[in-house]
Amino acid sequence: QVQLVESGGGLVQAGGSLRLSCAASGSIFSINAMGWYRQAPGKQRELVATITSSSSTDYADSVKGRFTISRDNAKNSAYLQMNSLKPEDTAVYYCNAGVQIKYYLRPSDYWGQGTQVTVSS
């Protein structure tokens, strides 16, 4: 069993910053890519940022230059530093990880429960 737990969401004014954390625990052999997704009310879940096991990163155009994804492999954790937040960044943010629980098994996708980020104007 693998669990992803996010933390760090909250209410912030436009222009402010938040740092989200995602910690994976359980039966973990290795973690491949990790990512952050978000879902605003009435909208589909969208990719925000991803980071590979070797720390290559990719970002949605809407957050480039404002958000930074990072990870700590020793802690099975990923982070999302969000700066210059805008009201349109308001959403539930979800952590995703490709987790290999045994060396002979393919990685499976796991999701956290989500953390609310609200940006007021």
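A. Layout of the nonpolar core. Met 34, Trp 36, Val 48, Phe 67, Leu 80, Met 82 and Tyr 93 are the most contacted members of the largest nonpolar core, which has 30 residues in total. Of all the secondary-structure elements, those providing two or more residues to this core are strand S1 (2-7), strand S3 (18-26), strand S4 (30-39), strand S5 (46-51), strand S7 (67-72), strand S8 (77-82), strand S9 (91-100) and strand S11 (115-120). With five residues, the single largest contributor to this core is S9. With residues up to four places along the chain from it excluded, the contact list for Leu 80 reads Leu 18, Arg 19, Leu 20, Trp 36, Val 48, Ala 49, Phe 67, Thr 68, Ile 69 and Tyr 93.

B. Just the side chain of Thr 115, in detail. Relative to the assigned elements, Thr 115 resides in strand S11. Residue class for Thr 115 comes out buried when judged on its relative accessible area of 11%. A distance of 3.3 Å separates a polar side-chain atom of Thr 115 from the backbone nitrogen of Gly 9. If near-sequence neighbours (up to four positions away) are discounted, Thr 115 is found in contact with Glu 6, Gly 8, Gly 9, Leu 20, Ala 91, Val 92 and Tyr 93.

Rules and cut-offs
Residues numbered from 1 in each chain as written. Predicted model: local features only at pLDDT ≥ 70, side-chain atom pairs only at ≥ 80, totals over all residues. Heavy atoms only, no water. Core = buried A, V, L, I, M, F, W, Y, C linked by side-chain atoms within 4.5 Å. Buried < 20%, exposed > 50% of the residue type's maximum accessible area, 1.4 Å probe, protein only. Helix = DSSP H or I, 4+ residues; strand = E, 2+ residues; numbered from the N terminus. Contact = heavy atoms within 4.5 Å. Polar contact = N/O pair within 3.5 Å; in protein donor to acceptor, adjacent residues only side chain to side chain.

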